[in-house]
Amino acid sequence: EMARRKGDTAAIQHLEAALKGEGHSSSGSSSSMMRSPIHQGTAGPEFSHCSNSYFAIDKLTPKGPRKNADIGSPHDASRPLAKLESTSAGGWWCAAGGWPSPTPRGTTEAFYVFSGHGCLTDADGEQHFMGPGDLVVLPKGWTGRWDVLQDIH
């Protein structure tokens, strides 16, 4: 409301985008959000954010079935939020199933589980169960196995 009184159109665009549940960058341009929500300014990258609804399952892009699945028929979908150099952020969903992940990760991956349950098994056989509210970090070089026990998001 204060932004409207002051006539701050950029602030109004930010608020309207937030109310619609769309991701938005500090550049004030919702169309640029769809290309790259993080923009390099003269002082460095700008702030980027989105609400949970930006990653609603119906807004994710299907990627198809997991080619190396050996349990069930897992298929997944994702939606990027931002990418800056080798760092990226986005959302992911996967249907129940399992697959080996024998290739060492090239990057560290961190994710927050909104819903569903799964288990990551390290190459040495140690199991790590995850569910809603868990934050998981897979270090660079990790190998093992994914088992999605209940569709995970």
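Above this text is the structure in question.
Residues numbered from 1 in each chain as written. Predicted model: local features only at pLDDT ≥ 70, side-chain atom pairs only at ≥ 80, totals over all residues. Heavy atoms only, no water.

## Let's talk about the overall build of the chain
In step 1: When you go through the chain residue by residue, the secondary structure sums to three helices and 14 strands.
In step 2: Every one of the 153 residues in the chain was classed for burial, and the buried ones make up 33%.
In step 3: Long-range pairs, those at least 24 residues apart, make up 53% of the contacts in the chain with a sequence separation of at least 6. (Helix = DSSP H or I, 4+ residues; strand = E, 2+ residues; numbered from the N terminus. Buried < 20%, exposed > 50% of the residue type's maximum accessible area, 1.4 Å probe, protein only. Contact = heavy atoms within 4.5 Å.)

## Regarding the pairing of strand β12 (residues 127-130)
In step 1: Examined bridge by bridge, strand β11 (residues 117-122) and β12 share four bridges and lie antiparallel to one another. Bridge pairing in β12 links L120 to H128.
In step 2: Once β11 ends, the chain turns through four residues before running back antiparallel as β12, passing G125 with a positive phi of about 95°. (Pairing = 2+ DSSP bridges.)

## Some thoughts on a nonpolar patch on the surface
In step 1: A surface patch of nonpolar side chains, about 420 Å² in accessible area, is lined by Y112, F114, L135 and V137.
In step 2: Mapped onto the fold, L135 is located in strand β13 (residues 135-138). (Patch = residues over 30% accessible without salt bridge, like charges linked within 9 Å, V, L, I, M, F, W, Y side chains within 5 Å. Areas by Shrake-Rupley, 256 points an atom, 1.4 Å probe, with all protein chains shown as cover. Salt bridge = Lys/Arg side-chain N within 4 Å of Asp/Glu carboxyl O.)

## Details of the layout of surface pockets
In step 1: Estimates place the volume of the largest pocket at around 1,000 Å³.
In step 2: Contributing to the lining of the largest pocket are 33 residues, with G90, W92, E109, A110 and F111 lying nearest its centre.
In step 3: Of all the secondary-structure elements, those providing two or more residues to the lining of the largest pocket are β7 (75-84), β8 (87-94), β9 (97-101), β10 (109-112) and β13.
In step 4: At six residues, the largest contribution of residues to the lining of the largest pocket is made by β8.
In step 5: Considering only residue class, the lining of the largest pocket consists of 16 nonpolar, eleven polar and six charged. (1 Å grid on protein atoms, 1.4 Å probe; cavity = no way out; pocket = protein on both sides within 12 Å on 5 of 7 lines; lining within 4 Å. Points joined across faces, edges and corners; volume = space filled by probe spheres on them. Nonpolar A, V, L, I, M, F, W, Y, C, P; charged D, E, K, R; others polar.)

## A few points about the environment of W93
In step 1: One can find W93 in strand β8.
In step 2: Residue W93 is classed as buried on the basis of its relative accessible area of 13%.
In step 3: Among all residues touching W93, those that are not within four sequence positions of it are I57, L60, H75, D76, A77, D151, I152 and H153.

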